[in-house]
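# Overview (structure and organization)
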Amino acid sequence: MKSTPFPFSSSSSNNNNGSTGTGGAPPGSHFYGKRDKQTLNIIMAKALPCLLSTFAITTIFTFFLYSPDPFNLTPPPKQTQTQRQQQGGYDHHLLDQTISLKPPTSPPNLKVEENCELFKGRWVPDHEGARYNNWSCPTMPDSKNCFRHGRKDKDFLNWRWKPDGCVLQKFDPKAFFEIVRGKAMAFVGDSVARNHFESLLCLLSQEEAPVEAYKDADDRNRIWHFPKHDFILKVIWTKFLVAGEERMINSTTSAGIHDLYLDRLDENWARDLHALDYVIISGVHWFFRAIYLHQDSKVVGCIYCNEPNVTNWDVKVAVKMALRAALDRINNCKECKKTVVVVRTFSPSHFENGLWNTGGTCNRTGPARELEIDSGRDVYEVRDKQVEEFQRVRKKVKKGKKFGVLDITRVMRVRPDGHPGLFWGNQWMKGYSDCVHWCLPGPIDVWNDFLQAILTRLR
């Protein structure tokens, strides 16, 4: 199925799957951009009372339908050290907790220590519990709602990231809204970028209920609006950042091979740049497959092809080149006057005892020691190339642009406990573990603690 063209763009450029147009927007319009939101505000002002009533009824229904036990507010019995070790958990004395909510402890006026290296530190016990649940976050996607699909352990929620020598404040939706008020933010990338977007949507929902403004036919591109704060939050799908297409057999059957064009961006996201104030950019997982790499109308290399007349490329080199093309496009965008770009590094998967299709699992219930995780070199080598590209573009940044890095690779490498595993309710892949995406709530919420700190520094 072809993706519906992403709407609200002033460009009529083709996207990577051959679709054209602006999704119904008149030529030259950008309905959710930096300018002229009066029409939207009038519409939302009239619709808001009805929407709030519907939202209240929906959230109450959702709570009773999906909560594991909505009336059980008493903590379950403590686990012994032996029980935790048998479940693969890290050897720490933690209290299990129900999925109850507590207000964030960080103050509204955030201060981030400039010399603090946020991504060097360790996970430490934290007993505040979950920041949201499927009752307080009706937008939580079913596939990330691990408790609804039978996950019983909750220890994986009882940790926080502690940078060496300073404190990382927990996400504060009021403070975050003050940073992004009147702005538009987009998460650009694959399904893990969407996972990050979904975490942020849940965290912000604790302060204001979002209104869904757009969803495409494939549910890959979405827009939510927070009318009280005049804030637009988007997720824009792209596999590779640059243009790419999958080879087909008889125009219907997938060949499992992709062609990637390193000198041409995927216009599904690039055409919307002028209307974005914040761009959170990422994408690696799709590069781990057979890909022919094209530049200047020539095949310059291939990943996992092993053809005698074609140069073999490492995944990390292809990721580096694709990210370079994306960052240069943003940096050179004349219409992007004050764009803030955050590069999110590789989010590692945690399959053990096999791959996703050979019985691999991720059954741990607590953080692991780094030595316990067989990461191979790819994880950190890919991360290094991403950081190199961030550092390169920052040295030649154009006026008005700002660049930051959300370096989560090592932070998440020791969290094999945070994936849905078998608890993701996929009827088409029953018995397969999801060890790539992250449970909500879960360790991925720390990405938005980092994002808040980064945006505070870049203000």
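These figures come from a predicted structure and were not determined experimentally.

Rules behind the numbers
Residues numbered from 1 in each chain as written. Predicted model: local features only at pLDDT ≥ 70, side-chain atom pairs only at ≥ 80, totals over all residues. Heavy atoms only, no water. Buried < 20%, exposed > 50% of the residue type's maximum accessible area, 1.4 Å probe, protein only. Helix = DSSP H or I, 4+ residues; strand = E, 2+ residues; numbered from the N terminus. Contact = heavy atoms within 4.5 Å. Polar contact = N/O pair within 3.5 Å; in protein donor to acceptor, adjacent residues only side chain to side chain. Patch = residues over 30% accessible without salt bridge, like charges linked within 9 Å, V, L, I, M, F, W, Y side chains within 5 Å. Areas by Shrake-Rupley, 256 points an atom, 1.4 Å probe, with all protein chains shown as cover. Salt bridge = Lys/Arg side-chain N within 4 Å of Asp/Glu carboxyl O. Pairing = 2+ DSSP bridges. Disulfide = S-S within 2.5 Å. Axes fitted to C-alpha atoms, helices over the stretch in contact; angles between N-to-C directions. Expected span 1.5 Å × (residues − 1). Parallel < 35°, antiparallel > 145°, perpendicular 65-115°, else oblique. Left-handed = near helix turned anticlockwise from the far one by under 90°. Phe/Tyr/Trp six-rings, centres within 6.5 Å; stacked < 30°, edge-to-face > 60°. Lys NZ or Arg CZ within 6 Å of the ring centre and 35° of its normal.

### Some remarks on helix α3 (residues 173-180)
Extensive coverage of α3 is indicated by the burial of six of its eight residues. Of the residues making up α3, those classed as buried are Pro173, Ala175, Phe176, Phe177, Ile179 and Val180. For α3, the elements touching its buried residues are β3 (184-189), α4 (191-205), β5 (222-226), β6 (231-237), β9 (278-281) and α9 (446-457). Where α3 starts, the residue carrying a side-chain oxygen 3.0 Å from the main-chain nitrogen of Lys174 turns out to be Asp172. Of the residues flanking the end of α3, it is Gly182, one or two places downstream, whose phi is positive at about 75°.

### Re a nonpolar patch on the surface
Together, Leu355, Trp356 and Tyr432 make up an exposed nonpolar region whose accessible area comes to about 330 Å². Note on placement: Trp356 falls in the loop between β12 (340-344) and α7 (378-395). Overall, the relative accessible area of 45% leaves Trp356 in the partly exposed class.

### Section: the side chain of Asp417
Of note, Asp417 is situated in the loop between α8 (409-413) and α9. Within the structure, the side chain of Asp417 is placed 2.6 Å from the side chain of Arg415, a separation counted as a polar contact. Excluding its chain neighbours within four sequence positions, the residues that come into contact with Asp417 are Arg151, Phe156, Arg364, Thr365, Gly366 and Pro367.

### Looking at the pairing of β12
The buried fraction of β12 is high, at five of five residues. A two-sided burial pattern is seen for β12, the buried positions comprising Val340, Val342 and Arg344 on one face and Val341 and Val343 on the other. Summarising the sheet, β9 and β12 pair through four bridges and their orientation is parallel. Paired with Ile281 across the two strands is Val343, which belongs to β12. The pairing of β12 with strand β13 (residues 402-406) spans five bridges and is parallel. Along β13, the bridge assignment pairs Val343 with Val405.

### Quick word on the environment of Lys239
Relative to the elements of secondary structure, Lys239 occurs in the loop between β6 and β7 (242-249). Separated by 45 residues in sequence, Lys239 and Val284 have C-alpha atoms that sit 8.1 Å apart. Here Lys239 is in contact with Glu246, His258, Trp286 and Phe287, once residues within four sequence places are set aside. Polar side-chain contacts of Lys239 include one of 3.4 Å to the side chain of His258.

### Examining the pattern of salt bridges
The full count for this structure, using the stated rule, is 32 salt bridges. For the salt bridge of Arg392 with Asp328, the shortest nitrogen-to-oxygen distance reads 3.0 Å. Of this pair, Arg392 sits in helix α7 while Asp328 sits in helix α6 (residues 315-331); the two residues are 64 residues apart in sequence, bridging distant segments of the chain. Overall, Asp328 belongs to the buried group, its relative accessible area being 18%. A salt bridge links Glu372 to Arg369, with the shortest nitrogen-to-oxygen separation between them at 3.3 Å. For Glu372, a relative accessible area of 36% corresponds to the partly exposed category.

### Remarks on the state of the cysteines
Tallied over the full model, the rule gives six disulfides. There is a disulfide in this structure between Cys116 and Cys166, and the S-S distance comes to 1.7 Å. Of this pair, Cys116 sits in the loop between α2 (81-86) and β1 (121-125) while Cys166 sits in the loop between β2 (159-163) and α3, and the two are 50 residues apart along the sequence. Residue Cys166 is classed as buried on the basis of its relative accessible area, which comes to 5%. Between the sulfur of Cys333 and that of Cys336 lies a disulfide, 2.2 Å long from S to S.

### Regarding the sheet that holds β12
With respect to topology, seven strands assemble into an open sheet ordered β4-β5-β6-β3-β9-β12-β13, the strand pairing being mixed. Edge positions in the sheet fall to β4 (211-215) and β13, since each has one partner strand and no second. The sheet shows a mean angle of 15° between the axes of neighbouring strands, taken without regard to direction. Relative to β9, β3 runs parallel, the two being bridged by four bridges. Its bridge partner being in β9, Phe187 is matched across the sheet by Ile280. The sheet contacts of α7 involve β12 and β13, and relative to β13 the element is tilted by about 165°.

### Some thoughts on α4
Given a rise of 1.5 Å per residue, 15 residues ought to cover 21 Å, and the 21 Å separating the end C-alpha atoms of α4 matches this to within 8%. The element α4 is largely enclosed, with a buried count of 14 among its 15 residues.

### Focus on the packing of α6 against α7
Look at α6 against α7: their axes get within 9 Å of each other, and the N-to-C directions meet at 25°. Considered as vectors, α6 and α7 are oriented roughly parallel to each other. Along this stretch, α6 crosses α7, giving a crossing that reads as right-handed. Where α6 abuts α7, its residues Val315, Lys316, Val319, Lys320, Leu323, Arg324, Leu327, Asp328 and Asn331 lie against Glu381, Val382, Lys385, Gln386, Glu388, Glu389, Phe390, Arg392 and Val393.

### Considering the packing of aromatic side chains
Tallied over the entire structure, the rule returns 14 aromatic pairs. When the ring of Trp123 is compared with that of Trp161, the centres are 5.6 Å apart and the planes differ by 70°; the resulting orientation is edge-to-face. Placement of the pair is Trp123 in strand β1 and Trp161 in strand β2, with a sequence separation of 38 residues. You can call Trp123 buried: its relative accessible area is 11%. An aromatic cluster is present here, built from Trp237, Phe240, Trp286 and Phe287 joined pairwise through their rings. The ring of Trp237 is capped by Arg220, whose NZ or CZ atom sits 4.1 Å from the centre of that ring. One residue, Arg415, lies across the ring of Trp123, its end atom 4.5 Å from the ring centre.

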